Amino acid sequence: MREVWPGDPYPLGATWDGTGTNFALFSEVAHQVELCMFDADGHETRLALPEVDGFVWHGYLPGIGPGQRYGYRVHGPFDPREGHRCNPAKLLLDPYGKAVEGGVRWHESLFSYRFADPDVLNEDDSAPYMPKNVVINPFFDWADDRPPRVPYHESVIYEAHVKGLTKLHPGVPAEQRGTYAGIAHPVMIDHLLDLGVTAVELMPVHQSIPEHALVARGLGNYWGYNTIGFFAPHNAYGSSGQCGEQVLEFKAMVRALHEAGIEVILDVVYNHTAEGDHLGPTLSFRGIDNASYYRLRDDDKRYHLDYTGCGNSLNVRNPHALQLIMDSLRYWILEMHVDGFRFDLASALARELHDVDRLAAFFDLVQQDPVVSQVKLIAEPWDVGEGGYQVGNFPPLWTEWNGKYRDTVRDFWRGSYATMPEFASRLTGSSDLYEHSARRPFASINFVTCHDGFTLTDLVSYDHKHNDANGEDNRDGTDDNRSWNSGVEGPSRDPAVLDLRARQRRNFLATLFLSQGVPMLSHGDELGRTQRGNNNAYCQDNEISWVHWGDSDDTEFVRILSRLRRDHPVFRRRRFFTGTGTGAAADIAWLTPAGESMTDHDWNVGFAKSLGVFLNGDAITEPDPRGRRVRDDSFLLLINAGSAPVEFTLPGGEYGERWEFALDTAEPGTAGERPRVKARDTVPLTDRSLTVLRRAP
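All figures in this text were calculated on a predicted structure; none of them were measured in a lab. (Residues numbered from 1 in each chain as written. Predicted model: local features only at pLDDT ≥ 70, side-chain atom pairs only at ≥ 80, totals over all residues. Heavy atoms only, no water.)

1. A look at the domain arrangement of the protein
By domain assignment, the protein separates into domain 1 (13-135), domain 2 (402-576) and domain 3 (579-695). Relative to domain 3, the C-alpha centre of domain 2 lies at a distance of 23 Å. In this assembly, 33 residues from domain 2 lie in contact with 40 residues from domain 3. Taken over both partners, the interface formed by domain 2 and domain 3 buries close to 3000 Å², and the fraction arising from carbon and sulfur atoms is 68%. Here domain 2 and domain 3 share two salt bridges between them. The closest approach of N and O atoms between aspartate 587 and arginine 573, which form a salt bridge, is 3.7 Å. The interface formed by domain 2 and domain 3 contains 11 residue pairs in polar contact (both at pLDDT 80 or more). At the level of secondary structure, the elements contributing two or more residues to the side of domain 2 that touches domain 3 comprise helix 9 (403-413), helix 10 (420-427), helix 13 (495-514) and helix 14 (555-567). Here the side of domain 2 that touches domain 3 gets eight residues from one element, more than from any other, and that element is helix 13. By residue class, the composition of the side of domain 2 that touches domain 3 is 20 nonpolar, seven polar and six charged. (Domains from an automatic or database assignment. Contact = heavy atoms within 4.5 Å. Buried area = accessible area lost by both parts, 1.4 Å probe. Salt bridge = Lys/Arg side-chain N within 4 Å of Asp/Glu carboxyl O. Polar contact = N/O pair within 3.5 Å; in protein donor to acceptor, adjacent residues only side chain to side chain. Helix = DSSP H or I, 4+ residues; strand = E, 2+ residues; numbered from the N terminus. Nonpolar A, V, L, I, M, F, W, Y, C, P; charged D, E, K, R; others polar.)

Structure representation (structure tokens):
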């Protein structure tokens, strides 16, 4: 009989101290908790945790160390009408488990009811079909690792999927492709640095599982927004093993990126778990303490409140669920050295009762936390519940994925009617959304594309989604794409169509990098990545989603844009434009194609699709880090989203006597070769193109 000591109730999870391991699990409803340990052959040994303090069951096992596989069985009430679903026949993953070995093998025993009759309790043992937690060695040689702490206004974010980014990269060793080690490979870091990337935003790396229904269709959850372990790096992204090796590999990836000056931001899914609705499997939280971890209907606790579209919502009203989230965030910062988080469906975390509350307990905890409050915090400011669209309404510490930026920029460049006034707001940092809460332009995380929706290439190649490969008869995915196929749906060999599509891609990229705020580039958009018109490739773990490194290449154009933004603070101001002053004395001026200041009438002409923007490099109001005045070159942006060429007349000499070409989306390789132009000269703009002029000395 193995010796079990009382141990401690904190920290939760399995904690190895060099001589043994402490196990601690919260459950307010449990009558007994069994720790289940497994050997390499799957043989199970059960030990009752001997102590409980404040609803935390705990015990210490001397001699147990890294590599030990384990799980829990919780004895307690099974009364769905009261929200309780304990079932000791089900092996449960540790909510605080730091590593997971294996995956779910879908079987009826994973569910607490019989498929033939959901009212009949299923007491079949689920252990043979369950992944197991693994005790880890927390020690790692971080050497002199330090967080890069890149200021928001100097940041360029690159959203990427761990597997998809390197799975097909010929320069990454085959055994490292699609893994944490693949991202840390020098060829990948060189690519990111070449693009001017300062932060990678990784799609979910928390341990996740595919939904039963997807597996039944021969698919999987490629994106990973189906978390079952908020402390464990997803084991399938490890190249060296699953018994804790994935933890070391993740840390090594972070260390390598930090050494290159690149931050690591994690896309985190604290709004729901992989256990789904009341008919979902019992894998962890449901069997431990269903009513504490999940939002349940007040009138019938058998059913979940679902603000996420994924079957359940984490109960952020419960202090133990909130503790889980905060402990997880601190763990990834302190132990894994990540630099920030992007919160999926963040509005769901703000629902105290039913309405979204910006003063919800979660935000209070983040605000006062000395660790979490100091990293980058990015909200996806919506969920699927009523009133869930909350762009511009998050507290001052937070930045937001600006969905209005995406929609407006797409509408403008596809030639939609009366979009110019809002396009101007998005180009200048969306002060209408963020200034009222004392936030700065960098509160806006600007993006044109992301993992969700069309890629950049598909945005200019398809009018409609083509999601048949998902097995849902093309019903899934949004129909609100705001895309334009440039005249032909899908692939084309017409040179005129291909030229227009390439120009439109460059228009979107130029707008993204020259807008005030923080640009976010979706992985592979610089390479012409296509998903063949699939705008919801969440279940496509194959070449539909993976980055093809031989695709058409806009990489050099992104390099040019990134350097232009990096070298010129006028494109990344820390404060909003004031618009005070007139003409060339103002920090920004809006011009008609005739070179005159825009009037209210000009702004309200619905069919107008062309404008000029003067950015005054001598009128930057914020100082540099040492308090000195910031001076920069001045620029003219000439923008034509119309279907016909436009002759732009440059403004008078007070704006600048001479101008040189810095960028042209119609002729991207010729800007440096073109002769200078003078005040009141005319500059021809191709249809649907953008030109950047720099004031010459």
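2. Concerning the packing of helix 7 (residues 319-334) against helix 8 (residues 361-368)
Contact geometry of helix 7 with helix 8 gives a least axis separation of 11 Å together with a crossing angle of 35°. In terms of crossing hand, the pair formed by helix 7 and helix 8 is right-handed. Contact with helix 7, carried on its side by Leu322, Ile325, Met326 and Leu329, involves Ala361, Phe362, Leu365 and Val366 of helix 8 and no other residues of that element. Across the contact of helix 7 with helix 8, the residue classes tally to eight nonpolar, no polar and no charged. (Axes fitted to C-alpha atoms, helices over the stretch in contact; angles between N-to-C directions. Left-handed = near helix turned anticlockwise from the far one by under 90°.)

3. Here we look at the state of the cysteines
Following the criterion strictly, the structure yields zero disulfides and no others. Free of any disulfide, cysteine 36 has its nearest cysteine sulfur in cysteine 86, 14 Å distant. Classification of cysteine 36 by relative accessible area gives buried; the value is 0%. Between cysteine 243, a free cysteine, and cysteine 36, which holds the nearest cysteine sulfur, the sulfur-to-sulfur gap is 17 Å. (Disulfide = S-S within 2.5 Å. Buried < 20%, exposed > 50% of the residue type's maximum accessible area, 1.4 Å probe, protein only.)

4. Here's the deal with the sheet that holds strand 13 (residues 132-134)
What the five strands build is an open sheet, ordered 4-3-7-13-10; its pairing is antiparallel. Two strands close off the open sheet at either side, each with one partner strand: strand 4 (44-48) and strand 10 (100-101). As judged from the seven bridges shared by strand 3 (residues 32-38) and strand 7 (residues 69-75), these two strands associate in the antiparallel manner. In the sheet register, methionine 37 faces strand 7, and the bridge partner there is tyrosine 70. (Pairing = 2+ DSSP bridges.)

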